[in-house]
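Chain and residue survey
The primary structure of each chain is shown beneath.
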Amino acid sequence: MEYENDFSDFILVYDKPQQQQILKKEDWDQIIMQNSLNGFRYKDIHYSLLKGIKYSTRKDIWLVLADVKSLKDEYQVNFKDLTKITSKDAGQIKKDVLRTYVEYKECNAEEFQKYLYQILNAYAILDPELGYAQGMNFIVAALLIHLDPNINSSVSEDTYIIEDKFIENSFWILIKKHELQKYINFVYLIANLQIQKGAYNEKKED
């Protein structure tokens, strides 16, 4: 069965799982070291992600999939500069930071809360149309925890991925997530309009 839309790789994962190959540890290591998916089939990557990958590898793969370097080139903004500006949502962000995963000792640490605030505040400045929305604090907190280089890493410390920029990397992955979400929402909007148009035409014919 052939597909012509952009989601064909995702669909093929479910249609013909027997044709997919699960990537091995050395494959993931190669992807991380070259910071690129070049040389690998997307359908194999999708299938392997669905099957699950080792925790210590996961955070490095997130950075490759988010294509952090390209995001920086596209937006042309400096994360540290954004942290020096106070957004209109700063008050609400500060309140929610103190409510984030309070059951975990790590999330109650002053340094962790500072990083969480910086990322949320920076995003609110970068995307004033959306700004800060409640719930984003939990997403960023999870990113900070999983991207922390002090947790076991699958690659050496002299690579781009595991330098001491996990705070900034969390910020860029948040941007990537919202970019994808906007695209998905757009697709659903178009699909919904098509459905409504069809229903209107049927009603008109009646």
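All residue numbers refer to positions counted from 1 along the written sequence of the respective chain. Only residues with pLDDT of at least 70 get local features here, since the model is predicted, and only at 80 or more are side-chain atom pairs given and counted; chain-wide, interface and lining totals rely on the full set of residues. Hydrogens and waters are ignored; side-chain quantities use all the structure's heavy atoms.

1. Digging into the nonpolar core
Ranked by internal contacts, the top residues of the largest apolar core, which has 33 residues, are Leu116, Ile119, Leu120, Leu144 and Phe171. Each helix is a run of H or I in the DSSP string that is no shorter than four residues. Each strand is a run of E no shorter than two, and both are numbered from the N terminus. At the level of elements, helix H4 (55-66), helix H5 (68-75), helix H6 (79-82), helix H7 (90-97), helix H8 (110-126), helix H9 (136-147) and helix H10 (166-205) are the ones that each hand at least two residues to this core. Per element, the largest residue contribution to this core is nine residues, and it comes from H8. Each nonpolar core is a collection of buried residues, namely Ala, Val, Leu, Ile, Met, Phe, Trp, Tyr and Cys, held together in the definition by side-chain atoms within 4.5 Å. Only protein chains enter the accessibility calculation, which uses a 1.4 Å probe; a residue whose area is less than 20% of its type maximum is buried, one above 50% is exposed, and one in between is partly exposed. With ten residues, the next largest nonpolar core counts Ile31, Ile32, Phe40 and Ile61 among its residues.

2. A closer look at the side chain of glutamine 113
Summarising the element assignment, glutamine 113 is placed in helix H8. Taking relative accessible area as the criterion, glutamine 113 reaches 16% and is therefore assigned buried. Contacts: residue pairs with any heavy atoms within 4.5 Å of one another. Leave out the neighbours within four places in its chain, and glutamine 113 touches Val97, Leu98, Cys107 and Asn108.

3. Here's the deal with the confidence of the model for the protein
Looking at the protein as a whole, the pLDDT averages 75, with 70% of positions reaching at least 70. Each residue gets a pLDDT score, which is the predictor's confidence in that residue and runs from 0 to 100. When pLDDT is averaged over each element of the protein, H7 comes out on top at 96 and helix H1 (residues 8-15) at the bottom at 42. Counting interchain partners and residues more than four positions distant, the pLDDT-below-50 stretch residues 1-15 has 22 contacts. The low-confidence segment residues 152-163 (pLDDT under 50) makes 31 contacts with residues lying over four places distant or belonging to another chain.

4. Observations concerning the pattern of salt bridges
Salt bridges are identified by distance alone: a Lys or Arg side-chain nitrogen within 4 Å of an Asp or Glu carboxyl oxygen. The full count for this structure, using the stated rule, is five salt bridges. A salt bridge links lysine 25 to aspartate 29; the shortest N-O distance between them is 2.8 Å. Within this pair, lysine 25 and its partner aspartate 29 are both found in helix H2 (residues 25-34), separated by four residues, close to a single helical turn. Where arginine 41 meets aspartate 44, a salt bridge forms, and the shortest distance between an N and an O atom there is 2.8 Å.

5. Overview of the packing of H7 against H8
An axis is simply a line fitted to the C-alpha atoms; with a helix, the fit covers only the stretch in contact. Between two such axes, the angle follows the N-to-C directions and lies from 0 to 180 degrees. Where H7 contacts H8, the two axes come as close as 10 Å, and the packing angle between them is 150°. Judged by the sense of rotation from one axis to the other, the crossing of H7 with H8 is right-handed. Of the residues in H8, those touching H7 at Ala90, Ile93, Lys94 and Val97 are Gln113, Leu116, Tyr117, Leu120, Asn121 and Ala124. In the contact of H7 with H8, the residues fall into seven nonpolar, two polar and one charged. By convention the crossing between two helices is left-handed if the near helix lies anticlockwise of the far one by an angle smaller than a right angle, and right-handed if it lies clockwise. Each residue is assigned to one class: nonpolar for Ala, Val, Leu, Ile, Met, Phe, Trp, Tyr, Cys and Pro, charged for Asp, Glu, Lys and Arg, and polar for all the others, Gly among them.

6. Re the packing of aromatic side chains
Only Phe, Tyr and Trp rings take part, Trp by its six-membered ring, and two of them pair if their centres are within 6.5 Å. Stacked means planes under 30 degrees apart, edge-to-face means over 60, and tilted covers everything else. One pass over the structure, following the stated rule, counts six aromatic pairs. Here phenylalanine 79 and phenylalanine 171 contribute two aromatic rings whose centre-to-centre distance is 5.0 Å and whose plane-to-plane angle is 40°, an arrangement assigned as tilted. In this pair, phenylalanine 79 sits in helix H6 while phenylalanine 171 sits in helix H10, placing the two residues 92 residues apart along the sequence. With respect to class, phenylalanine 79 is no different from phenylalanine 171; both count as buried. Between phenylalanine 171 and tryptophan 172 the ring centres are 5.1 Å apart and the planes differ by 70°, which places this aromatic pair in the edge-to-face class.

7. Describing unusual backbone geometry
At asparagine 35, a residue that is not glycine, the phi angle is positive and equals roughly 50°. Along the chain, asparagine 35 turns up in the loop between H2 and helix H3 (42-51). Located in the positive-phi region is glutamine 76, a residue other than glycine, with phi close to 50°. The topology assignment puts glutamine 76 in the loop between H5 and H6.

8. What to know about H3
Looking at H3, one finds that the buried residues are Asp44, Ile45, His46, Tyr47 and Ser48. Immediately beyond the C-terminal end of H3, within one or two residues, lies glycine 52, with a positive phi of roughly 100°.

9. Quick notes on the environment of methionine 33
Structurally, methionine 33 can be placed in helix H2. With a relative accessible area of 51%, methionine 33 lands in the exposed category. For the pair methionine 33 and valine 64, spaced 31 residues apart in sequence, the C-alpha separation works out to 9.6 Å.

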